[in-house]
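Observations on chain architecture
Next come the chains, spelled out residue by residue.
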Amino acid sequence: MHSIDTSQRFWLTRPFRERATQLFLGVLFAALLLVTVLHLAVPQGHPLHVTAYTVNLFGKYLSYALLAVSVDLVWGYLGILSLGHGAFFAIGGYAMGMYLMRQIGDRGTYGDPVLPDFMVFLNWDSLPWYWLGFDMAWFAFVMVLVAPGLLALVFGFLAFRSRVTGVYLSIITQALTFALMLAFFRNEMGFGGNNGLTDFRELLGFDLRTDTTRLGLFLATGVALALGYLLCRAIVTSKLGRVSVATRDAEARTRFLGYRVERFQLFVFVVSAMLAGLAGALYVPQVGIINPSEFSPIFSIEIVLWVALGGRATLYGAVIGALLVNYAKTVFTGVMPDAWLFALGAMFVLVTVFLPKGVAGLLAYRVKRKRNDPDDSAKPQEATV
């Protein structure tokens, strides 16, 4: 009998053998190291110094990149165009925000050791039952994953069992996040209403306003992005991933082969929602606020644009798209704030026309041409895929 390599049998190790994954992780950790060195070792005032504000901004970008990866998992490999992933992102963010609010204690404006300031202002007598336990870090971190995962489980079970697909499923996911946005805007829900949760002080005993904590959050977000990417790559390269792709391409035929398609859809959808919740939890302490605007359907649509621009069904393309679009958003909103939405729309149209497979598709195309013709680098390259 031939012995089988253990690394080949264990599905979680498969991504490490992929050149694209090795390159992605190498670039990611090199970027994390570079930003850390430029922030700590280069003195302030030097042109190469990375300020604490920039570190915080990069951490926000990385949390968006993890969110984009979660969307690419269900859209690129399962064929589900979710227009409601902003809801899972926001729920994870609210779970983290509730923990951070409980850590304020009697240091709030009204000095109440238990109730957050907005509850005291609204004359609440006691803490709602769903806030219980959020004074403990382990419970809050578990809920960051469980809360969006549970919502995705219930929603996905009902949708996939009823065989709702295509544009109808997209509309339902959009309706879900819109309904949650309206609910969280209400003060009686106990989540801060229109203002949301803010004025955070510390996380695990570390002051959120210090540069060291901001750098730590940036690095933690980068590590979470790497782990989330590896998990998604492990899924899509496994038998589960192959069945998911078959479902995307020919769902009826996959059912005829005997696969319970809805079970595969539900599992991948729940994993994607939990990754989105984790992204939201990392986002909140870095921006210092979470409010119902994160549930906005426009935000969920914008996430899809990130993935489309970067390249669907590649995972690393989603990261590229999220970083490019949000960097462009930072630049354009500073230079021409009123024209940002027009710039985003133009960007999407240009990508759709000239790069139907996104930036990742263009990169793969160039690499393929170079392999087929080593002297091709001296020739002009086409812009289309």
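All of these numbers come straight from a predicted model, not from anything done at the bench.

**Overview of the overall build of the protein chain**
When you go through the protein chain residue by residue, the secondary structure sums to 15 helices and 4 strands. Each principal axis of the C-alpha atoms in the protein chain carries an extent, and together these give about 70 × 60 × 55 Å. Looking at the protein chain as a whole, 49% of its 385 residues are labelled buried. Once local pairs closer than 6 in sequence are excluded, the contacts in the protein chain between residues at least 24 apart make up 75%. Of the roughly 19,300 Å² that the protein chain leaves accessible, carbon and sulfur atoms contribute 66%. The positive charge centre, built from 30 side chains, and the negative charge centre, built from 23, are 13 Å apart in the protein chain.

**Concerning the packing of helix α2 (residues 19–40) against helix α8 (residues 211–236)**
Between α2 and α8, the shortest axis-to-axis distance is 11 Å and the interhelical angle comes to 180°. As judged from the angle between their axes, α2 and α8 are roughly antiparallel. Residues Ala 20, Thr 21, Phe 24, Leu 25, Leu 28, Phe 29, Leu 32, Val 35, Thr 36, His 39 and Leu 40 of α2 touch α8, and the partners they reach there are Asp 211, Leu 215, Phe 218, Leu 219, Gly 222, Val 223, Leu 225, Ala 226, Tyr 229, Leu 230 and Arg 233. Each residue belonging to the contact of α2 with α8 can be placed in one class, and the counts come to 16 nonpolar, 4 polar and 2 charged.

**A closer look at the packing of aromatic side chains**
Using the criterion set out here, one finds 24 aromatic pairs in the structure. When the ring of Trp 138 is compared with that of Phe 139, the centres are 5.9 Å apart and the planes differ by 90°; the resulting orientation is edge-to-face. Note on Phe 184 and Phe 191: the rings are 4.6 Å apart at their centroids and 20° apart in plane angle, and the pair reads as stacked. Taken individually, Phe 184 and Phe 191 each receive the classification buried, so the pair is uniform in this respect. Among the aromatic residues, those joined into a ring-pair cluster are Tyr 94, Trp 129, Tyr 130, Phe 184, Phe 191 and Phe 295.

**Section: the nonpolar core**
In terms of nonpolar packing, the biggest core is built from 111 residues, with Trp 131, Leu 197, Leu 225, Phe 295 and Trp 306 touching the most fellow members. Looking at this core element by element, the count peaks at 14 residues for helix α11 (residues 261–287). In contact with Leu 225, other than residues within four places in its own chain, are Phe 24, Leu 28, Leu 62, Ala 65, Leu 66, Val 69 and Val 319.

**Let's talk about unusual backbone geometry**
The residue Leu 204 is not glycine, and still its phi comes out positive at about 55°. With respect to the secondary-structure elements, Leu 204 resides in the loop between β2 (202–203) and β3 (206–207). The backbone of Leu 315 sits at a positive phi, close to 70°, despite the residue not being glycine. The exposure class of Leu 315 is buried, given its relative accessible area of 0%.

**Points about the layout of surface pockets**
Using a probe with the size of a water molecule, rolled over the atoms, empty space left in the structure can be pinpointed. As a volume, the largest pocket reaches approximately 900 Å³. Around the largest pocket, the lining is made up of 23 residues, and of these Leu 23, Phe 24, Val 27, Tyr 316 and Ile 320 lie nearest the centre. Of all elements in the fold, only α2, α3 (52–76), α8, α13 (316–335) and α15 (358–372) reach the threshold of two or more residues within the lining of the largest pocket. Tallying contributions element by element places α2 first for the lining of the largest pocket, with 9 residues. Of the residues contributing to the lining of the largest pocket, the split by class is 21 nonpolar, no polar and 2 charged. Of the pockets and cavities examined, the second largest pocket occupies roughly 510 Å³. In terms of lining residues, the second largest pocket is bounded by 20 residues, among which Ile 91, Met 143, Ala 147, Phe 184 and Phe 191 are the most central.

**A closer look at the environment of Asp 135**
Here Asp 135 shows up in the loop between α5 (117–121) and α6 (137–161). Asp 135 sits 35 residues away from Leu 100 along the chain, and the two C-alpha atoms are 8.2 Å apart.

**Concerning the side chain of Glu 262**
Relative to the helices and strands, Glu 262 is located in helix α11. For Glu 262, a relative accessible area of 17% corresponds to the buried category. Not counting chain neighbours up to four residues away, the residues in contact with Glu 262 comprise Phe 160 and Arg 255.

**So, the environment of Leu 153**
Here Leu 153 is to be found in helix α6. The exposure class of Leu 153 is partly exposed, given its relative accessible area of 38%. In sequence terms Leu 153 and Lys 60 are 93 residues apart; their C-alpha atoms lie 27 Å from each other. Those residues in contact with Leu 153, other than ones at most four positions away along the chain, are Leu 266 and Val 270.

**Considerations on α3**
In a regular helix each residue adds 1.5 Å, so 25 residues correspond to 36 Å; α3 covers 35 Å between its end C-alpha atoms and thus fits that length. Of all the 25 residues making up α3, 21 are buried; the element is thus mostly covered by neighbouring parts of the structure.

**Some thoughts on the UniProt feature "transmembrane region" (unreviewed entry) in the protein chain**
As annotated by UniProt and renumbered to match this structure, "transmembrane region" (unreviewed entry) occupies residues 21–41, 87–105, 136–160, 167–185, 215–232, 264–283, 303–327 and 339–365. As a span, residues 87–105 carries 84% helix and 0% strand, and end to end its C-alpha atoms are 28 Å apart. Summarising residues 136–160: 96% helix, 0% strand, and an end-to-end C-alpha distance of 35 Å.

What counts and what doesn't
Every chain is numbered independently, its residues counted from 1 as its sequence is written. Under the rules for a predicted model, residues below a pLDDT of 70 receive no local features and side-chain atom pairs below 80 are neither given nor counted, while totals for whole chains, interfaces and linings still include all residues. For side-chain calculations, the full set of non-hydrogen atoms in the structure is used, while hydrogens and water are omitted. A run of DSSP states H or I qualifies as a helix once it reaches four residues; a run of E qualifies as a strand once it reaches two. Both are numbered from the N-terminal end. Three exposure classes are used, based on accessible area relative to the maximum for each residue type with a 1.4 Å probe and protein chains only: buried under 20%, partly exposed in between, and exposed over 50%. In what follows, a contact means two residues having at least one pair of non-hydrogen atoms within 4.5 Å. Surface exposure here means Shrake-Rupley accessible area, sampled with a 1.4 Å probe, where a residue is shielded only by the protein chains that are shown. Positive charges are assigned to Lys and Arg, negative charges to Asp and Glu, while His and the chain termini are left out of the count. Here the site of a charge means NZ on Lys, CZ on Arg, CG on Asp, or CD on Glu. Angles here are taken between N-to-C directions and fall from 0 to 180 degrees, while the axes themselves are lines fitted to C-alpha atoms, restricted in helices to the stretch in contact. Any angle that falls under 35 degrees is termed roughly parallel, while one over 145 is termed roughly antiparallel, one within 65 to 115 roughly perpendicular, and all others oblique. Any residue that is not Ala, Val, Leu, Ile, Met, Phe, Trp, Tyr, Cys, Pro, Asp, Glu, Lys or Arg is counted as polar, Gly included; the first ten are nonpolar and the last four charged. Two rings belonging to Phe, Tyr or Trp (six-membered ring only in the last case) form a pair when the distance between their centres is within 6.5 Å. Interplanar angles under 30 degrees mark stacking, angles over 60 mark edge-to-face geometry, and anything in between is tilted. As used here, the term nonpolar core means buried Ala, Val, Leu, Ile, Met, Phe, Trp, Tyr and Cys residues forming a set that is joined through side-chain atoms within 4.5 Å. The way it works is a 1 Å grid over only the protein atoms, where trapped points that fit a 1.4 Å probe form a cavity and open points with protein on both sides within 12 Å along at least five of seven lines form a pocket, and then any residue with an atom within 4 Å of a point lines it. Grid points are joined across faces, edges and corners, and a volume is the space filled by probe spheres set on the points. An expected span of 1.5 Å times one less than the residue number is assigned to each helix. UniProt positions are given in the numbering used here, feature names are shortened, and annotations may be inferred rather than shown by experiment.

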